[in-house]
Amino acid sequence: MTYPAMLPDLSRVIALQKLDTTAHDAQRRLADEPERAKALDARLEVAKERLAEAKANLAANQAKRREIEKDVAVHQSRLSKFRDQAMAVKTNQEYHAIQKEMGFAQTEIKSLEDRILEFMLEADEQNAAVKRADKALAEEQKAVEADRRALAAESETLRTSLVEVAAERARLTATLDPHVLATFERVAKGRSGIAVAEARDAICTICHVRLRPQVFNNVRKNDSIIQCDSCQRILYFAPPEGAPAQASDNATHAV
Ligand SMILES: [Zn+2]
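The model shown is predicted, which means the values in this text are computed figures rather than measured ones. (Residues numbered from 1 in each chain as written. Predicted model: local features only at pLDDT ≥ 70, side-chain atom pairs only at ≥ 80, totals over all residues. Heavy atoms only, no water.)

**Q** Hey, could you run me through the overall build of the protein chain in this one?
**A** Within the protein chain, the regular secondary structure consists of four helices and four strands. Traced from its N-terminal end to its C-terminal end, the protein chain shows the element sequence α-α-α-β-β-α-β-β. The C-alpha radius of gyration of the protein chain comes to 41 Å, more than 25% above the 18 Å expected for a compact globule of 255 residues. For the protein chain, the C-alpha atoms occupy an extent of roughly 135 × 35 × 35 Å along the three principal directions. A separation threshold of at least 6 residues defines the contact pool for the protein chain, and within that pool the share at least 24 residues apart is 72%. Each charge class in the protein chain was averaged separately, 39 positive and 40 negative side chains, and the resulting centres sit 1 Å apart. (Helix = DSSP H or I, 4+ residues; strand = E, 2+ residues; numbered from the N terminus. Rg over C-alpha atoms; globule rule 2.2 N^0.38 Å. Contact = heavy atoms within 4.5 Å. Lys, Arg positive; Asp, Glu negative; His and termini not counted. Charge placed at Lys NZ, Arg CZ, Asp CG, Glu CD.)

See below:
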């Protein structure tokens, strides 16, 4: 922003503040980079865990099914043993007893086979879940890779901008009155890097303290370095859109 009537040094401190704020934001963003990279790793980790969990569910199903199949085999071998015995029985009583045992074994086999069928149906769903998780992981890998590239590109841009801002700052401070620069640096140091504040409606827009009318009238002229009584920041006035940048009439009485 440039105001025709503005004191050049005031324009410069406003520009200087912009550069410092840009540099500060860039540094903060760069400092966040490891955290953001970690968040990307975490996203990938979640997708990997989901796939591992789906695979573990399927494996558990298959293990249970194999156990039941073993039980079926045990009952089937008993059944065939009973069949052999049935051929060799001498009495009706023995025959009925074996028939009864065979009946038990068959019922048991039928019930186990029903359970195997349930496990097979469940395995179909679990297989589909593994495929879905596998696909989701592949997609997440692509997305994370793209975000990683974007993060690297952003960091590169920020580092370049920091170099440019530093050069621009050096050029600017070389043209700035050393006393004004010293004031700027001192206030910036004590006020989290913000040494310049707009005065609007007679209020310092950063510390929100109301300015004395005479001070505000002087600030409106933008022709001298005036600090906020409360926060010490260098004040400037931004004329409303379309309005000429000049002091109000009553400002002529101000000292
Ligand atoms: Zn203030």
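**Q** Just to check I follow, could you spell out the sheet that holds strand 1 (residues 196-200) for this structure?
**A** Neighbouring strands of a sheet are bound in pairs by backbone hydrogen bonds; such pairs are parallel or else antiparallel. Strand order in the open sheet formed by four strands is 2-1-4-3, and the pairing between neighbours is mixed. Among the strands making up the open sheet, the edge pair consists of strand 2 (203-204) and strand 3 (226-227). The sheet contact formed by strand 1 and strand 4 (residues 234-236) spans three bridges and is parallel. When the bridges of strand 4 are listed, E198 appears paired with Y236. (Pairing = 2+ DSSP bridges.)

**Q** I'm lost on the environment of D147 in this one. Help?
**A** Positionally, D147 belongs in helix 2 (residues 92-175). Distance from D147 to T175, taken between C-alpha atoms, is 42 Å for residues 28 residues apart in sequence. With sequence-adjacent residues up to four places away left out, D147 is seen in contact with L40 and R43.

**Q** Hey, could you run me through the nonpolar core in this one?
**A** Within soluble globular proteins, side chains that are nonpolar tend to cluster in buried spots. Core analysis: the largest hydrophobic core is formed by 23 residues, its most contacted members being L10, V13, L16, L176, F184, V196 and Y236. Every element with two or more residues in this core is listed here: helix 1 (8-88), helix 2, helix 3 (178-190) and strand 4. For this core, the element with the highest residue contribution is helix 1, accounting for eight residues. With sequence-adjacent residues up to four places away left out, L176 is seen in contact with D9, R12, V13, L16 and L181. With 13 residues, the next largest nonpolar core counts A197, A202, L211 and V215 among its residues. (Core = buried A, V, L, I, M, F, W, Y, C linked by side-chain atoms within 4.5 Å. Buried < 20%, exposed > 50% of the residue type's maximum accessible area, 1.4 Å probe, protein only.)

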